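Report on the structure
As a plain string of letters, each chain reads:
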There are 2 protein chains.
Amino acid sequence: MDTLSITLSALADPTRRAILARLATGEASVSELAEPFDMSLVAVSKHLKVLEKAGLISKGREAQWRPCRLEPKPLRQVDDWLESYRQFWNDNLDRLESYAELLQKGGKNDPGN
Amino acid sequence: MDTLSITLSALADPTRRAILARLATGEASVSELAEPFDMSLVAVSKHLKVLEKAGLISKGREAQWRPCRLEPKPLRQVDDWLESYRQFWNDNLDRLESYAELLQKGGKNDPGN
DNA sequence: CCTATATTAAACCAATAAGTTAATTAACTT
DNA sequence: AAGTTAATTAACTTATTGGTTTAATATAGG
């Protein structure tokens, strides 16, 4: 699989996105990250492995803890991919805006053509 | 599942992203979309259903054709989600930049502290 | 050395995903 | 009416995912 697919499928899980959101506020150990969730520590550990394989997080080692931190690169790659479509949805928006203007000018009694 | 998860998992497949890229250039029928791929039409039809359920495309009907077109909303939602992390990776970049500046000032013989 | 804590590994299970082929529906063409 | 083209549905297979429980590994602290 290509890296973008791996990244996107890692992101396609609410638990994993919540973990990333938590890590955006700073490093945390595996058990700290697991604490808010209603699932086993083992399950969270697996989610972390998925995130790690996607390069979205990295793990250090401090005694028996594995402090995790957010890595920006894959997210930036998603952003780059989206870039090609930004054009598209701006165009789309422009069209809507012109239509809105048209309605504005036409007034209530002229639904336009 | 939440809509963002549905969107991201729809996007986490290279075939489906290729379909979206194709649709960014304009509408196309199911068979037109299937043509470049080395898989059955049925398989592509299923991919389209995944994209449709995620709201990434919509299908019209013209005689026996179902012209598909790209829908911007879910992509915009992904962009919005990324927004929270843009801050993060800019910070990260800033740090790198300051470090680069530091190296610049220090020169070759002063690796700095 | 023993024990508690933090994390990972192994084995398993149910549900979902991605593909196949064959059959069906729908609309145009002759 | 019969045949062709476009697309979907159904039934099936195989692999992956997300979770479980139990067992193993590693480190710190008495």
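Residues numbered from 1 in each chain as written. Chains lettered and ligands numbered in written order. Predicted model: local features only at pLDDT ≥ 70, side-chain atom pairs only at ≥ 80, totals over all residues. Heavy atoms only, no water.

Where an unreviewed UniProt entry is consulted, chain A appears under the name DNA-binding transcriptional ArsR family regulator, with the organism given as Rhizobium leucaenae.

Focus: the protein's contact with DNA strand C
The full set close to DNA strand C counts 22 residues, and S31(A), K49(A), S40(B), K46(B) and H47(B) are the nearest of them. Protein-adjacent atoms of DNA strand C, using a 4 Å cutoff, are sugar or phosphate at a proportion of 69%. Between DNA strand C and Q64(A), the relevant distance is 3.2 Å, taken from a sugar or linking oxygen to a main-chain nitrogen or oxygen of the residue. A distance of 2.6 Å separates a phosphate oxygen of DNA strand C from a polar side-chain atom of S40(B). Of all the secondary structure elements, the ones that give two or more residues to the surface near DNA strand C are α3 (30-34) and α4 (41-53) of chain A together with α4 (41-53) of chain B. Broken down by element, the residue count for the surface near DNA strand C peaks at five residues, all from α4(A). The residue makeup of the surface near DNA strand C, split by class, is eight nonpolar, seven polar and seven charged. (Near = heavy atom within 4 Å. Polar contact = N/O pair within 3.5 Å; in protein donor to acceptor, adjacent residues only side chain to side chain. Helix = DSSP H or I, 4+ residues; strand = E, 2+ residues; numbered from the N terminus. Nonpolar A, V, L, I, M, F, W, Y, C, P; charged D, E, K, R; others polar.)

Quick notes on the interface of chain A and chain B
In this assembly, 29 residues from chain A lie in contact with 29 residues from chain B. At the boundary of chain A with chain B, total buried surface from both sides reaches about 2500 Å², with 72% on carbon and sulfur atoms. Broken down residue by residue, the surface that chain A buries against chain B is led by R17(A), Y85(A) and W89(A), which jointly contribute 24%. Where chain A meets chain B, there are four salt bridges. Between D79(A) and R86(B) there is a salt bridge, and its shortest N-O distance comes to 2.7 Å. Connecting chain A to chain B are nine residue pairs in polar contact (both at pLDDT 80 or more). When contributions to the side of chain A that touches chain B are tallied by element, the ones reaching two or more residues are α1 (3-11), α2 (14-23) and α5 (73-106) of chain A. Residues that form the side of chain A that touches chain B fall into these classes: 19 nonpolar, three polar and seven charged. (Contact = heavy atoms within 4.5 Å. Buried area = accessible area lost by both parts, 1.4 Å probe. Salt bridge = Lys/Arg side-chain N within 4 Å of Asp/Glu carboxyl O.)

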